[in-house]
Amino acid sequence: MDAKKRSTDKAAQEMIEYMSQAGQENAWDRLDKQEPQCGFGKLGICCRICTMGPCRIDPFGDGPQLGVCGADADTIVARNFLRAVAAGTSAHSDHCRTVAELFLAAARGDAPDYYIKDTEKLHRVAKEFGIATDGRADNEIAVELGEIALGEFGKSEGTQLMARRAPEPRKEIWKKKNVTPRAIDREVVEALHRSTMGVDQDYKSLLMHASRTALADGWGGSMLATDLQDILFGTPSPGKGEVNLGVLESDEVNIIVHGHDPLMSEIIVEAASAPEMIANAKAVGAKGINVAGICCTANELLVRHGVPVAGNFLCQELAIATGAVEMMAVDVQCVMQGLAKVATYYHTKLFTTAPQAKIPGVEHVPLEEENALKIAKKLVSAAIDNYKNRGNINIPSEKEAGIMGFTNESIKYMLGGKFRASYRPLNDNIMNGKIRGIAAIVGCSNPKVPMDSTHTELAKELIKKDVLVLTTGCATIACGKQALLNPKDALELAGPGLREVCEVVGIPPILACGSCVDNSRLLVAASEIVAEGGLGEDLSALPLAGACLESITEKAIAIGQYFVASGVYVIFAKELFPYLGSENVKNYLLDEVEKDFGGRWALESDPVRAAEMMLEHIESKRDSLGINEAKERKLYSMEDRQALGV
Ligand code: BF8
Ligand code: SF4
C-alpha cells in the first residue's frame, strides 16, 4: 500500500497510512479486494434486466454475440447508458423534489424554521414563470412558485419551464429532435420502460431518449433545485472558506454533515450556533462547536455560509478515522455504507436523516420539516454528549483557504458592477483573445485515480493557457485542497491574458461554483454569455469545454449527457466510462451525436492531454467565430507582409 499512489492530498495520505497501520479498511482497500474487476461490466456488455439472463456479449467475437432475447451489444450498452442517465437524473431531481416540498411548506408556514431568504430572486424567477408579483406578499408568490415547481415533476403536458432559458437555436434543435424535456418523472419512467426487456431495441433511439432524460435533469431537476435553494437558503456570493481535514478542531465538538440536500445541513448549522448549544459544549469541556461538510452538502454550505469543508468523497471514512468527529449526519447520495464500519472503531455517532437513505446499524433520525430545528438540536446535543467519549485524535494539519461561491449572478456583478451586471467584459476579453475560452471541471474522487490529481492538474494546465475555469462538486474541493481556489496562488499559475483580466475585474482564475446540481448554473451562465452577443447564437458556438476525469456516479453520466445535448464538448476518463463495448454506441457518443446536438463526448485520462484537447476544441470554436483572425494578423512578419504585397 503506497498512500502517495492513492492520493495526492497530504492530509489524505496521512490518514490512509494511519488507517492501514490500525488495520482499518477504506474504499481503496476494498477496491484492491475487488481486483480484477469484471471485464464485461467495464465495457457495459452485461445485462441482467430479465431472468432469461444474466447475459453477456463476448467482446472478442468468439463467444455469444446476443443475449437470450436476441439483444445485441448495441442494445445492451445503450440500455445501460440510458439507465445510468435515468438514475443520475432521478438523484438530482428527487433532491429537487425534497427542496420543492420544503419550499412550499415554508411558504405556507408549515415549516416554521425555514423562511425565504432571497426575495429578489423569488420575484425574478416568479416573473419568469409568469406569476403575478405586483402588490402580492412574498409568501403568496412563493406558494404559487412552489406549486408550479412541484408540477414540473409530474405535469401531464408541456415541457420544462427552465428549458426556456436556453438560446433560441438550441431550443429549435431540441424541438426538431423531439427531446425538449417534458415532466421530469415522465422522462425517467419512460427511460426505464424503454430499457426493459423487449421494448426499445434501437441503440440510437435509446440514446436519443438518454438526451431527453438528461435534459430533464440539467434544465429541469438540477436547475430548479439550484434556484429554489437560492431563494430559500440565500443565493451564494463569493466568500472565504477553508478546505481539508485540518478544518477539524482538536478542542471543539466536531460535527460533519455529509450528502447533498441542504434541508438537513442548513438547520444543523443553525442549531450548532444557538447560544444554549454552545454553552452546553463548553460545559463538557469543549471550546465550541465546529460544523464542517463533506461532498456536495459541504459545497452548499460553504458557498452560502462559509462553513469549512473537511473533504470530498474519498475523505468521508478518513474524517472519522481522525477520532475527532463527535457526530456525522448524512442525508442522500455519495454516502458510503463503509462509514458504518469505520464508525465502530471510533466514538463517532453516525445518523441518517433522509427518508430515502438508511443504513443497517445506523440510527435514523428523519428531519421533519415542521420540527426541523428541534430535531437538529437533538442531533447536535448527541454530538456534545459524545465529546467525553473521545479517544486519541489524529487531525492532519493541512487546510487551505480560498474564495468560493460564484454564481451566474455574482460573476455578472463582479464583471459589470451591481447596477449594470453584465457578461460584456467577459465576452470582450474572450473576443480579444486575452481569455481563450471557458472550461468546466466537474466530478468526483475515485479510488482508481490518485485522489484529486487529475482535476487539479487539468485546472493548472487550463489556466496556464488563459482558459477561465469554472468548477463544481468534489472537483472544486480537490482544487481547494491544493490552494487553487486561493486567488493569489492561482493567479501566479495563470497565463498573462487571463491573469490581467482577473486582476482588473477582481475574480480568481478558477471559480468555485458550488455543488453538482449547481452545474445548472453553468448552463444558465453560458446561455447569458450567448445572449450578451459576439460569441455566436448558440451554446455550441461558444469556446467552451467540460471535463470530468474522476467520475464515479451515474449522476456524472447524466451531467455529461446534458452538457453534450446542450452543445458542449465533454471529456471523461476512458477507464471510468463503461459504455465502450459497442462500436456503434461508441461512435455515436464520441462522434455522430455532434451532428444531432453540436456537442460530443471525448475520452482521455491524462490531464495534460485532456487540457490540450479542450484547447484544440476552444480554438476551433474561436476560428469558427472568426475571433482569432485579428490576433493572427498581428503575428505576420515583415516578410509575410511583403509576400502578400501589403
Ligand atoms: O454530486 S462530485 S462524488 S459528492 S457525484 Fe458525489 Fe461525485 Fe462528489 Fe456530489 Ni457529484
Ligand atoms: Fe438477457 Fe435480453 Fe434478459 Fe438482458 S433482457 S438479461 S440480454 S435476455
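Up top is the structure these notes are about.
Parameters and conventions
- Residues numbered from 1 in each chain as written.
- Chains lettered and ligands numbered in written order.
- Predicted model: local features only at pLDDT ≥ 70, side-chain atom pairs only at ≥ 80, totals over all residues.
- Heavy atoms only, no water.
- Near = heavy atom within 4 Å.
- Polar contact = N/O pair within 3.5 Å; in protein donor to acceptor, adjacent residues only side chain to side chain.
- Nonpolar A, V, L, I, M, F, W, Y, C, P; charged D, E, K, R; others polar.
- Helix = DSSP H or I, 4+ residues; strand = E, 2+ residues; numbered from the N terminus.
- Contact = heavy atoms within 4.5 Å.
- Buried < 20%, exposed > 50% of the residue type's maximum accessible area, 1.4 Å probe, protein only.
- Patch = residues over 30% accessible without salt bridge, like charges linked within 9 Å, V, L, I, M, F, W, Y side chains within 5 Å.
- Areas by Shrake-Rupley, 256 points an atom, 1.4 Å probe, with all protein chains shown as cover.
- Salt bridge = Lys/Arg side-chain N within 4 Å of Asp/Glu carboxyl O.
- Pairing = 2+ DSSP bridges.
- Right-handed = clockwise from strand over helix to strand, strands pointing away.
- 1 Å grid on protein atoms, 1.4 Å probe; cavity = no way out; pocket = protein on both sides within 12 Å on 5 of 7 lines; lining within 4 Å.
- Points joined across faces, edges and corners; volume = space filled by probe spheres on them.

*Asks:* Help me understand the site of ligand 1, please; the structure alone is not making it clear to me.
*Replies:* As a matter of local geometry, ligand 1 sits amid His 260, Cys 295, Cys 296, Phe 313, Cys 334, Gly 443, Cys 444, Cys 474, Cys 516, Ile 552, Thr 553 and Lys 555. One of the side-chain nitrogen or oxygen atoms of His 260 is found 2.7 Å away from an oxygen atom of ligand 1. In this structure, Lys 555 approaches ligand 1 through a side-chain N or O atom, which is 3.1 Å from an oxygen atom. Within the shell around ligand 1, the residues separate by chemical class into eight nonpolar, three polar and one charged.

*Asks:* Just to check I follow, could you spell out the side chain of Arg 304 for this structure?
*Replies:* Topologically, Arg 304 is positioned in helix H13 (residues 295-305). Within polar-contact distance, the side chain of Arg 304 engages the side chain of Asp 230 at 2.8 Å. Separated by 2.6 Å, the side chain of Arg 304 and the backbone oxygen of Gly 234 make a polar contact. What Arg 304 contacts, discounting residues up to four positions off in sequence, is Thr 226, Gln 229, Asp 230, Phe 233, Gly 234, Pro 236, Glu 266 and Arg 521.

*Asks:* Sorry if this is basic, but what is going on with the environment of Ala 602 here?
*Replies:* You can see Ala 602 is positioned in strand E16 (residues 600-603). Classification of Ala 602 by relative accessible area gives buried; the value is 4%. Taking the C-alpha atoms as reference points, Ala 602 and Phe 572, separated by 30 residues in sequence, lie 6.4 Å from one another. For Ala 602, the contacting residues outside a window of four places in its chain are Tyr 569, Val 570, Ile 571, Phe 572, Leu 590 and Met 613.

*Asks:* Which parts of the structure should I look at to understand H13?
*Replies:* An α-helical segment advances 3.6 residues per turn. Residues three or four places apart therefore align on the same side. In terms of burial, H13 is largely enclosed, as ten of its eleven residues are buried. Just beyond H13, the residue with positive phi is Gly 306, at close to 70°.

*Asks:* Sorry if this is basic, but what is going on with helix H11 (residues 262-272) here?
*Replies:* Most of H11 is tucked away, with ten of its eleven residues classed as buried. Buried residues of H11: Pro 262, Leu 263, Met 264, Ser 265, Glu 266, Ile 267, Ile 268, Val 269, Ala 271 and Ala 272, and no others.

*Asks:* It is not clear to me how the site of ligand 2 should be interpreted in this structure. Could you clarify?
*Replies:* By nearness alone, every residue bordering ligand 2 is listed as Cys 47, Ile 49, Cys 50, Met 52, Gly 53, Cys 55, Gly 67, Val 68, Cys 69, Ile 76, Arg 79 and Met 197. When the residues that make up the shell around ligand 2 are grouped by side-chain class, the tally is nine nonpolar, two polar and one charged.

*Asks:* Got a minute to help me understand a nonpolar patch on the surface in this structure?
*Replies:* There is a patch of nonpolar side chains on the surface, built from Met 52, Val 68 and Met 197 and spanning about 270 Å² of accessible area. Position of Met 197 relative to the elements: it lies in the loop between helix H9 (184-194) and helix H10 (203-233). Look at Met 197 and you get partly exposed, because its relative accessible area is 38%.

*Asks:* Please explain the pairing of strand E5 (residues 289-294) as it appears in this structure.
*Replies:* Two faces, one strand: in a regular strand the side chains alternate between the faces of the sheet. For E5, the tally of buried residues reaches six of six residues, placing the bulk of the element in the interior. Burial of E5 is two-sided: the residues Ile 289, Val 291 and Gly 293 facing one way and the residues Asn 290, Ala 292 and Ile 294 facing the other way are all buried. Where strand E4 (residues 253-258) lies against E5, six bridges are found, and the strand directions are parallel. Bridge pairing in E5 links His 258 to Ile 294. Two strands pair when backbone bridges link them, and E5 and strand E6 (residues 309-311) are joined in this way by two bridges, in the parallel orientation. Paired with Ile 294 across the two strands is Gly 311, which belongs to E6. With H13 bridging E5 and its parallel neighbour E6, the resulting β-α-β unit is right-handed.

*Asks:* Any chance you could explain the layout of surface pockets here in plain terms?
*Replies:* By rolling a water-sized probe across the atoms, one finds the places where empty space is left. Roughly 650 Å³ of internal volume is contained in the largest pocket. Around the largest pocket, the lining comprises 22 residues; the ones closest to its centre are Gly 41, Ile 552, Glu 554, Pro 578 and Tyr 579. Looking at the lining of the largest pocket, the elements with two or more residues in it are helix H4 (39-43), helix H5 (73-108) and helix H24 (554-564). Ranked by residues supplied to the lining of the largest pocket, first place goes to H5 with three residues. Classifying every residue of the lining of the largest pocket by side-chain character gives ten nonpolar, seven polar and five charged. Considered as a void within the structure, the second largest pocket measures approximately 320 Å³ in volume. Lining the second largest pocket are 20 residues, with Thr 98, Asp 261, Ala 354, Pro 355 and Gln 356 sitting closest to its centre. When contributions to the lining of the second largest pocket are tallied by element, the ones reaching two or more residues are H5 and H11. When residues of the lining of the second largest pocket are assigned to their parent elements, the largest contribution, six residues, is made by H5.

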